[in-house]
Amino acid sequence: MLVRNNALLFSVNNPAPVLDALPKAKLLRIKGRDIIAVRHSLDSARVLNNLGLNAPSPVLTDYEFTGRYTPLKKQKATVNFFTLNKRAYCFNQMRTGKTGAALWALDYLKNVGEINRVLVVCPINAMDVWVREAFAVTPHRTVIQLLGSQAKKLQLAEQYADINIIGFDGLSTLFHEEFYEGTNKVKRRWHDLENKYDLIIFDEAHAYCNAQNLRWKAAKQLIKIDTWVWELTGTPTNNAPTDSYGLIKLMQPEKIPASYKLFEEHLMRPVGPYKKVPRAGAKEYVYGLMQPAVRMLRDDDESLPTTIQDVSCRMSKEQEAAFADMKERMYYESDGSEITAANAAVRLIKLQQIMCGAVKDADGNALELGPKDRLEKVLDLVQGAEAKTVVFVPFIHTMHMISNYLEQKGITTAILNGTLSKAKRDEIVKEFRFSKDPHVLIAHPKVASLGYDFTVADTFIWYAPIFSNEQYEQANARGEGINKTKPVGIYHIGCHPVEWRIYDVLDKKSSMQNSILDLYNSVF
């Protein structure tokens with residue numbers, strides 16, 4: 001399909017359906033061939049795509065990409081997709097520039113009068129990321145973050161800005177109010193803001209998989225028949241195909257049953273009293289529902305590869321004794337009763353704390369178990385790195401233990417976890433990225449998994465595995481992206497077979513929820 005002088009030129013075997021759908025199209029005879037010519041517009045491109053013809057959006061020829069970055073090929077393809085689809089799923093992998101692509105797409109749509117105001121709904125940790133990207137990609141657009149009390153957020157929403165940005169739960173409080181009238185029960189009122197936004201972007205949209213909670217209901221209030229809605233997530237069905245239910249119902253409810261139970265029965269089958277697994281073809285069925293969709297993969301640049309290596313270590317005698325004692329106590333505490341997945345997860349975490357080398361005593365104080373070999377493996381990797389290092393650690397006491405150990409070896413560190421304020425966390429990340437020190441960032445995976453750019457580092461160490469596929473994948477992606485300038489190494493440290501089994505589940509992207517009991521039984 002060619003674009004010439006603001007017209008699309010193409011040939012098809014049967015031009016009649018195209019001419020019926022586009023009355024202003026012309027059928028020309030050029031060099032003995034029937035050629036259809038039609039004005040190149042968003043409307044004509046959408047009609048042709050609906051007919052199965054791959055017509056490009058005029059954004060690729062008419063739009064001058066703004067900002068400091070030159071768009072990647074995959075970003076241009078995503079921009080093209082967004083502008084052609086009013087309701088769209090974006091499953092691009094992390095660090096493929098989908099935030100920038102969404103900003104360029106909305107900028108073009110504003111330029112041509114398709115939309116006016118935009119609302120971005122995202123994790124609170126990612127709000128500043130959208131602000132920074134907007135400044136870098138569309139610096140001429142005004143942006144207001146909706147933060148503060150309910151009244152403050154409503155006041156900010158009344159001020160005009162091209163783009164408003166709000167957190168998931170901030171949106172819930174914005175739309176929901178509880179109050180008493182005398183002694184009567186609590187009543188609920190939804191604030192009338194649903195007509196303010198022409199385009200709503202849900203970033204990390206998998207947070208809306210549950211269609212029963214207040215977060216989902218608040219989001220649904222915003223969406224009208226003519227609202228543009230884009231859902232961005234690299235992991236739409238992270239745990240099970242049924243995770244897609246809330247996402248589809250939010251944007252295309254006509255595609256699925258009104259009942260979640262019916263949806264689940266169609267996709268899952270029971271294999272025991274407490275466990276269900278996907279039916280054959282369930283994943284393909286769900287992705288068939290979640291259309292139109294785009295998925296761009298993070299290209300593996302051969303000159304800048306990312307490698308994953310396992311690093312084995314040994315438990316100290318103190319760790320071995322504590323591990324054996326904990327296993328024995330758990331065995332007798334179970335008393336032959338059936339262990340649920342929730343109980344199994346709690347017990348595995350207790351054992352994992354011992355393997356990491358720091359536990360709490362009866363008074364809640366940190367008790368170190370001398371994990372000498374594990375700490376030395378971290379030191380070896382840090383000293384062997386050409387650039388900075390990020391160490392992912394799931395426990396706060398362990399984070400401080402590692403920090404103290406490395407500081408004693410003359411290596412500067414910083415700790416990044418949820419006990420710190422957002423402002424403090426952002427300050428630490430800024431220093432890590434742009435200053436000489438700290439050389440090592442010791443980060444909790446949950447905090448580090450969203451929004452941060454750690455491409456200044458070339459070494460990423462998992463001090464221990466975690467039980468979240470999403471956090472694992474997101475954290476690893478912090479070393480990828482357009483700012484990556486060096487090969488990256490990801491290192492798994494482990495000392496027990498169960499740790500390697502957890503890493504295996506993470507690497508294979510298997511369902512962690514369905515694997516918990518098997519992991520637990522492998523220990524006992």
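Just so we're clear, the structure is a prediction, and the values are computed from it rather than from any experiment.

Participant: How do you make sense of the overall build of the chain when you look at a structure like this?
Facilitator: From N to C terminus, the chain includes 21 helices and 23 strands. Rg of the C-alpha trace for the chain: 26 Å, near the compact-globule value of 24 Å for 524 residues, within the 12% margin. Overall, the C-alpha framework of the chain stretches about 85 × 60 × 50 Å when taken along its three principal axes. The 524 residues of the chain split such that 52% are buried. Of all intrachain contacts in the chain linking residues separated by at least 6 positions in sequence, the fraction that spans at least 24 positions is 71%. When the accessible area of the chain is evaluated, it comes to approximately 25,100 Å², of which 50% is carbon and sulfur surface.

Participant: When you look at unusual backbone geometry in this model, what are you seeing that I'm missing?
Facilitator: Peptide bonds are trans in most cases, and residues, glycine excluded, mostly fall at negative phi. The omega torsion of the bond from Q291 to P292 falls at 0°, within 30 degrees of zero and hence cis. Locating P292 in the fold gives a position in the loop between helix 12 (282–289) and strand 15 (293–294). The phi torsion at K31 lies on the positive side, around 50°, for a residue other than glycine. As for its position among the elements, K31 is in the loop between strand 3 (26–30) and strand 4 (33–39). A positive phi angle, close to 50°, is found at E204, a residue other than glycine. Since its relative accessible area comes to 11%, E204 is described here as buried.

Participant: Could you clarify how one ought to interpret the sheet that holds strand 15 in this entry?
Facilitator: In any sheet, the strands associate via hydrogen bonds between backbone groups, in a parallel or an antiparallel arrangement. Read from one edge to the other, the open sheet built from seven strands follows the order 7-8-6-11-12-5-15, with strand pairing classed as parallel. Single-partner strands in this sheet number two, and they are strand 7 (143–145) and strand 15. In the packing of helix 8 (residues 168–175) onto the sheet, contacts are made with strand 6 (118–122), strand 8 (163–167) and strand 11 (199–203), and the angle to strand 8 comes to roughly 100°. The strands touched by helix 10 (residues 244–251) within the sheet are strand 5 (87–90), strand 11 and strand 12 (228–232), with strand 5 carrying the most contacts at an inclination of about 155°.

Participant: What should I look at first to understand the packing of aromatic side chains in this one?
Facilitator: Aromatic ring pairs are reported here in terms of the distance separating the ring centres and the angle at which the planes meet. The full count for this structure, using the stated rule, is 18 aromatic pairs. Between the aromatic rings of F168 and Y208, the centroid separation amounts to 5.4 Å while the plane-to-plane angle is 85°, which identifies the pairing as edge-to-face. Of this pair, F168 sits in helix 8 while Y208 sits in the loop between strand 11 and helix 9 (214–222), and the two are 40 residues apart along the sequence. Here the two residues F168 and Y208 agree in accessibility, since each one is buried. For the cation-ring pair, R374 lies above Y463, with the distance from its terminal atom to the ring centre recorded as 5.2 Å.

Participant: Help me understand helix 5 (residues 98–111), please; the structure alone is not making it clear to me.
Facilitator: Since the α-helix advances by 3.6 residues per turn, residues separated by three or four positions end up pointing in the same direction. For helix 5, with 14 residues, the first-to-last C-alpha span of 20 Å sits near the 20 Å given by 1.5 Å per residue. Here helix 5 lies mainly inside the structure; 13 of its 14 residues are buried. Just downstream of helix 5 lies G113, where phi reads positive at about 80°.

Participant: Please clarify how the sheet that holds strand 3 should be interpreted in this entry.
Facilitator: Taken together, the four strands give an open sheet; going across it, the order is 1-2-4-3, and neighbouring strands pair in antiparallel fashion. The open sheet is flanked by strand 1 (2–4) and strand 3, the only strands paired with a single partner. Going across the sheet, the axis of each strand differs from the next one's by a mean of 35°, ignoring polarity. Two elements, strand 3 and strand 4, share five bridges in a ladder whose sense is antiparallel. Looking across to strand 4, one finds that L27 is bridged to I36.

Participant: Help me out: how do you make sense of the pattern of salt bridges in this one?
Facilitator: Think of it this way: side chains of opposite charge can pair up when their charged atoms draw near. This model, assessed by the stated rule, comprises 18 salt bridges. A salt bridge links R46 to E114; the shortest N-O distance between them is 3.8 Å. Of the two residues, R46 is situated in helix 2 (residues 42–50) and E114 in the loop between helix 5 and strand 6; the sequence distance between them amounts to 68 residues. Residue classification places R46 among the buried positions, given a relative accessible area of 16%. For E114, a relative accessible area of 31% corresponds to the partly exposed category. Of the charged contacts in the structure, one is a salt bridge between R141 and D107, with a shortest N-O distance of 2.6 Å. With R141 in the loop between helix 6 (127–137) and strand 7 and D107 in helix 5, the pair connects residues that are 34 residues apart, well separated along the chain. Each member of the pair R141 and D107 is classed as buried. Salt bridges linked by common partners bring D43, R46 and E114 together as one network.

Participant: Got a minute to help me understand the environment of K217 in this structure?
Facilitator: Residue placement: K217 occurs in helix 9. Exposure remark for K217: the relative accessible area of 36% places this residue in the partly exposed category. Looking at K217, its side chain comes within polar contact range of the main-chain oxygen of Q212, at 3.5 Å.

Participant: I tried to follow helix 15 (residues 372–384) on my own but got confused; where do I start?
Facilitator: Here helix 15 is 13 residues long and its end C-alpha atoms lie 18 Å apart, about the 18 Å a rise of 1.5 Å per residue gives. Those residues of helix 15 not exposed but buried are D373, R374, L375, V378, L379, L381 and V382.

Participant: What's the story with the confidence of the model for the chain in this structure? I'm lost.
Facilitator: Low-confidence regions, as indicated by low pLDDT, have predicted coordinates that should not be scrutinised in detail. In this model, the chain carries a mean pLDDT of 89, and residues with pLDDT of at least 70 account for 93%. Mean pLDDT values for the elements of the chain range from 56 in strand 10 (residues 187–190) up to 98 in strand 21 (residues 440–443).

Participant: I keep staring at the nonpolar core and nothing clicks. Help me out?
Facilitator: Among soluble globular proteins, nonpolar side chains are generally buried collectively. Of all hydrophobic cores here, the largest spans 70 residues; its most connected members are V390, L416, L441, F454 and Y463. Those residues in contact with L441 that sit more than four places away from it in its chain are T389, V390, V391, A414, L416, I428, F432 and F454. Core analysis: the second largest hydrophobic core is formed by 46 residues, A101, L109, V118 and I163 among them.

Participant: Honestly, the pairing of strand 12 in this entry has me stumped. Any pointers?
Facilitator: If a strand is regular, its side chains alternate between the two faces of the sheet. Of all five residues making up strand 12, five are buried, and the element is well covered by its neighbours. The two faces of strand 12 match: W228, W230 and L232 on one face and V229 and E231 on the other face are all buried. Inspection of the sheet shows strand 5 paired to strand 12 by four bridges, in the parallel sense. Following the sheet pairing, C90 is matched in strand 12 by L232. Across five bridges, strand 11 lies against strand 12 in parallel orientation. Bridge pairing in strand 12 links L199 to W228. Following the backbone out of strand 11, through helix 9 and into the adjacent parallel strand 12, one traces a crossover that is right-handed.

What counts, and where the lines are drawn
- Note that residues are indexed from 1 along each chain, following the sequence as it is written.
- Local features are withheld for residues below a pLDDT of 70 in this predicted model, meaning they are given only at 70 or higher, and side-chain atom pairs are given and counted only at 80 or more; totals for whole chains, interfaces and linings count all residues.
- Excluding hydrogens and water, the side-chain values take into account all heavy atoms of the structure.
- Labels follow the DSSP assignment, with helices taken as runs of H or I lasting at least four residues and strands as runs of E lasting at least two, numbered in each case from the N terminus.
- Only C-alpha atoms enter the radius of gyration; for comparison, a globular chain is expected to reach 2.2 Å times N to the power 0.38, where N is the number of residues.
- The rule is simple: take the accessible area with a 1.4 Å probe, protein chains only, and divide by the maximum for that residue type; under 20% is buried, over 50% is exposed, in between is partly exposed.
- We call two residues in contact when some of their heavy atoms are within 4.5 Å.
- Methods summary: accessible areas were calculated by the Shrake-Rupley approach with a probe of 1.4 Å, and residue burial reflects only the protein chains presented.
- By the convention used here, strands pair only if DSSP detects at least 2 bridges between them.
- Convention adopted: a line fitted to C-alpha atoms gives each axis, helices being fitted over their contacting stretch, and angles between N-to-C directions are expressed from 0 to 180 degrees.
- Paired rings are identified among Phe, Tyr and Trp, the last through its six-membered ring, by centres lying within 6.5 Å, and are further divided according to the angle between planes into stacked (under 30 degrees), edge-to-face (over 60) and tilted (the rest).
- Criterion for a charge above a ring: Lys NZ or Arg CZ within 6 Å of the ring centre, and within 35 degrees of the ring normal.
- Here, expected helix span is obtained from the residue count minus one, scaled by 1.5 Å.
- The rule for a salt bridge is simple: a side-chain nitrogen of Lys or Arg has to be within 4 Å of a carboxyl oxygen of Asp or Glu.
- Pairing of N or O atoms within 3.5 Å defines a polar contact, subject to two protein rules: one partner must be a possible hydrogen donor and the other a possible acceptor, and residues neighboring in sequence count only if both atoms are side-chain atoms.
- Known as pLDDT, the predictor's per-residue confidence is scaled from 0 to 100.
- Grouping buried Ala, Val, Leu, Ile, Met, Phe, Trp, Tyr and Cys residues that are joined through side-chain atoms within 4.5 Å yields what is termed a nonpolar core.
- The handedness rule is simple: strands pointing away from the viewer, and a clockwise path from the first strand over the helix to the second, make the crossover right-handed.

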